[in-house]
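A look at the structure
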Amino acid sequence: HIIGTYLLENPVNGICEIGTGNGGLTMFLGLWGLRLGCPVYTIDNYDRLVDSRIPYILNKLEVNRIEADIFSGDVTNGTICPPLKEIILTCKPIYLICDNGYKTGEFLMSVPFLSPGSLISIHDWSSTTKMEDIIDVVNEYHLEPINEHGWLEKDMRFATWRLPK
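What follows is about the packing of aromatic side chains. Summed over all chains, the structure comprises 4 aromatic pairs. Taking 5.4 Å as the distance between ring centres and 75° as the angle between the ring planes, the aromatic pair formed by W125 and W151 counts as edge-to-face. Taken together, the residues span a long stretch of sequence, with W125 in the loop between β5 (119-123) and α6 (131-140) and W151 in the loop between β6 (144-146) and β7 (158-162) at a distance of 26 residues. Each member of the pair, W125 as well as W151, carries the same accessibility label: buried.

If you want it as structure tokens, here you go:
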């Protein structure tokens, strides 16, 4: 899986997923967290896990589940959801995956808090977010695209950047 390649080639001290959804990607990230020895967090506005076995599995994978409003901060004043900000500032560098309801906003509010070497992905690339939506921030922070030619490959639709060291 391409995410595993990113994690092996770009060491991080934590993984955070914005948008737990049904927990499929969360379980996958939990396995990688165990393999790499780093904490994994997932943040969602409310518990969407309809399969009662998923919370048990996530607990066994040591995934930290946080229920919080991602947009509770005031982005115009440079603040973001306090739990998300704390995770980003604690796990330097971090791999952050924007996969909730407003991926463009999640990306735009998070990039300013990322440390050098961090990775950030947007899931559902081209259907929810396009380059023109984020190009100013990409340029301002000199984000480096990773595997850009593969962003639409195999229906993955994962666009990923690295903040230079």
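So, on to helix α1 (residues 2-9). When we look at burial in α1, the residues that qualify are I3, G4, Y6 and L7. Seen end-on, α1 carries its buried residues on one side only, within an arc spanning 160°. Among the exposed residues of α1, those pointing more than 90 degrees away from its buried face are L8 and E9. Elements in contact with the buried residues of α1: β1 (15-18), α2 (24-36), β4 (95-98), β5, β6 and β7.

Within the secondary structure, V50 sits in the loop between β2 (40-44) and α3 (53-60). Given a relative accessible area of 76%, V50 falls into the exposed group. Here the alpha-carbon distance between V50 and N139, two residues 89 residues apart in the chain, equals 40 Å.

The next subject is the pairing of β1. Burial of β1 is two-sided: the residues I15 and E17 facing one way and the residues C16 and I18 facing the other way are all buried. Across 4 bridges, β1 lies against β2 in parallel orientation. When the sheet's bridge partners are listed, E17 is paired in β2 with T42. The handedness of the β1 to β2 crossover, carried by α2, is right-handed. Note: β1 against β4, 4 bridges, orientation parallel. By the bridge assignment, C16 is partnered in β4 with L96.

What counts and how
Residues numbered from 1 in each chain as written. Predicted model: local features only at pLDDT ≥ 70, side-chain atom pairs only at ≥ 80, totals over all residues. Heavy atoms only, no water. Phe/Tyr/Trp six-rings, centres within 6.5 Å; stacked < 30°, edge-to-face > 60°. Helix = DSSP H or I, 4+ residues; strand = E, 2+ residues; numbered from the N terminus. Buried < 20%, exposed > 50% of the residue type's maximum accessible area, 1.4 Å probe, protein only. Arc of directions from axis to C-beta. Contact = heavy atoms within 4.5 Å. Pairing = 2+ DSSP bridges. Right-handed = clockwise from strand over helix to strand, strands pointing away.

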